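So the chains spell out like this:
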Amino acid sequence: MARRLRISRHLWSALAGWAVLMSASVGFGGTPGGPSVLAQASPARLTAMRETITVYGTVEFSPQHTQVLDLQAEGLVESVYVAAGQQVRKGAMLAMIRNTPNDLLELDRARIDAAFARRDVDRLRGLRVRQLATNAEVQVAEQNLARAEALLTNVRKRLGNASTRTLRAPMDGVVEAVNVRQGDIVPAGNPVLRLAKGDRLRARLGVEAEDLPRVAGGQRVSITPVYGEAAPVTGQVRQIYRQIDPKTHLAEVVVPLPTMPSLLPGSMVRGLLVLRDLPAVLAVPRSAVLYADGRPYVFVVDRGTARRRWVRAGLDDGRQVEIRGGLQAGELVVTVGNYELRDGMALRLQSGASR
């Protein structure tokens with residue numbers, strides 16, 4: 001029993017001596033007898049930064065270059081030859097419209113009115129020759145005839161000379177929407193379809209209400225599809241809708257876009273909107289900034305030890321943090337290993353990590 005106790009004491013003494021030896025073996029900047037942390041550091045630098053916000057939205061045809069095609073008179077849709085998204089050339093057949101019974105009744109009424117007015121003029125002119133009608137009466141009858149014939153001409157123009165009418169594309173473009181189906185009766189003035197110029201697109205992007213005051217026309221936006229690996233397309237804010245959409249709870253900005261294979265109407269896109277460019281600000285890597293009770297601080301390398309320094313942080317772009325006070329350009333700040341540090345702790349900087 002006594003021998004076993006002596007062996008344990010010897011073992012304990014050896015372990016204690018090894019621990020003292022290890023604690024005294026510190027690297028660069030180490031303090032003999034104290035713990036040290038392996039870390040990386042980087043100098044605070046003057047650099048350019050860019051304040052941005054990320055916004056999401058959809059691509060659509062530009063409404064300024066969209067034409068709504070409707071009917072001048074009520075019609076029955078006999079055939080539809082196109083679908084949404086289809087490209088068409090000027091003059092292409094879009095739909096076949098047949099006159100309805102109401103159309104035919106309107107045409108018959110206009111013909112009857114014009115024929116009656118013409119007979120009335122002839123009658124009054126004969127009476128005037130026999131001095132049984134005045135010039136004023138003949139003049140009123142001629143005015144009624146002119147109105148009746150104008151109405152008949154208008155009806156014929158709207159309905160055409162045949163029982164069917166062909167709706168044709170007035171320009172080269174893309175069918176944005178088809179609002180009718182075969183068999184529908186479409187009242188006069190109601191849209192049949194919408195045709196857009198395929199080379200005129202825009203993105204409608206949602207912006208948080210708190211960011212809207214900082215958004216202005218002309219700001220740059222880099223747009224990429226949400227799905228896929230297409231290269232970004234750069235545009236500028238053209239319009240700002242200063243109201244909140246009750247469905248999305250966002251305001252909207254509009255960015256005109258060029259025609260790109262990766263940007264199809266209806267596709268979802270992500271935009272990086274540049275609020276402002278900062279040409280030269282003092283900044284440190286984002287990993288260098290820590291927080292205590294909401295206050296930012298960094299660990300500055302001071303002759304091989306870590307010194308906690310409270311700072312005033314500004315813009316955070318996800319890679320760097322602007323430092324508005326508490327730090328000078330060129331001072332080394334710990335970027336890796338700082339979570340293990342305490343004020344005054346020794347550092348072992350990795351070779352090449354302080355450039």
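Now for a quick tour of the structure. All values derive from a computational prediction rather than experimental measurement. Per-chain numbering applies: the sequence of each chain, read as written, is numbered from 1 onward. It should be noted that, the model being predicted, local features are given only for residues of pLDDT at least 70 and side-chain atom pairs only at 80 or more, the latter also being counted only at that level, while totals for whole chains, interfaces and linings use all residues. Values reported for side chains reflect all heavy atoms of the structure, with hydrogen atoms and water molecules removed beforehand.

### Brief notes about the overall build of the protein chain
- Assigned secondary structure in the protein chain consists of three helices and 23 strands.
- Burial status across the protein chain gives 35% buried among its 355 residues.
- Counting only contacts in the protein chain whose residues sit at least 6 apart along the sequence, the fraction spanning at least 24 positions is 74%.
- Here the Shrake-Rupley method, with its probe set to 1.4 Å, supplies the accessible areas, and only the displayed protein chains count as covering residues. With the model as given, the accessible surface of the protein chain reaches about 21300 Å², and the carbon-plus-sulfur share is 52%. Counting from the N terminus, the helices are the DSSP runs of H or I reaching at least four residues and the strands are the DSSP runs of E reaching at least two. Accessibility here uses a 1.4 Å probe with only protein chains present; expressed as a share of the type maximum, an area under 20% marks a residue as buried, one over 50% as exposed, and anything in between as partly exposed. We call two residues in contact whenever any of their non-hydrogen atoms come within 4.5 Å of each other.

### Considering the side chain of Thr335
- Looking at the secondary structure, you find Thr335 in strand β22 (residues 332-336).
- On the basis of relative accessible area, Thr335 is assigned to the buried category, the value being 11%.
- Ignoring anything within four residues of it in the chain, the contact list for Thr335 reads Gln40, Ala41, Ser42, Pro285, Ser287 and Ala288.

### Things to note about the packing of aromatic side chains
- Put simply, two rings from Phe, Tyr or Trp (the six-membered ring, in Trp's case) pair if the centres are within 6.5 Å, and we call them stacked under 30 degrees between planes, edge-to-face over 60, tilted for the rest. Here the structure, examined in full by the defined rule, presents two aromatic pairs.
- Ring centres of Tyr297 and Phe299 lie 5.7 Å apart, and the angle between their planes is 90°; on these two criteria the pair is classed as edge-to-face.
- Accessibility expressed as a relative area gives 11% for Tyr297, which makes it buried.
- Given the relative accessible area of 3%, Phe299 is considered buried.

### Looking at the sheet that holds strand β4 (residues 75-80)
- Overall, antiparallel pairing links the four strands, which are arranged β7-β6-β4-β9 in an open sheet. Two strands in the sheet have a free side with no partner beyond their single neighbour: β7 (164-168) and β9 (185-186).
- Strands were regarded as paired on the criterion that DSSP finds at least two bridges between them. Alignment of β4 against β9, held across two bridges, turns out to be antiparallel. Bridging from a neighbouring strand, Leu76 pairs with Ile185 of β9.

### Some remarks on helix α2 (residues 101-129)
- Here the expected length of a helix is defined as 1.5 Å per residue gap, with one fewer gap than residues. In this model α2 runs 42 Å from its N-terminal to its C-terminal C-alpha over 29 residues, within 8% of the 42 Å that 1.5 Å per residue would give.
- Of the residues making up α2, those classed as buried are Asp103, Leu107, Ala110, Ala114, Ala117, Asp120, Val121, Leu124 and Leu127.
- Lining the buried residues of α2 we find β4, β6 (93-99), α3 (135-159) and β7.
- Just past α2, the residue Gln131 takes up positive phi, approximately 60°.

### A short note on the pattern of salt bridges
- Any carboxyl oxygen of Asp or Glu that lies within 4 Å of a side-chain nitrogen of Lys or Arg is treated as forming a salt bridge with it. Within the structure shown, the criterion is met by 21 salt bridges.
- Salt-bridge contacts for Glu51 lead to Arg276; the nearest nitrogen and oxygen are separated by 2.3 Å. Placement of Glu51 in strand β2 (residues 45-61) and of Arg276 in strand β16 (residues 268-285) is noted, with a sequence separation of 225 residues between them.
- Taking the relative accessible area as the measure of exposure, Arg276 reaches 36% and is therefore partly exposed.
- Between Glu322 and Arg324 there is a salt bridge, with its nearest N and O atoms 3.4 Å apart.

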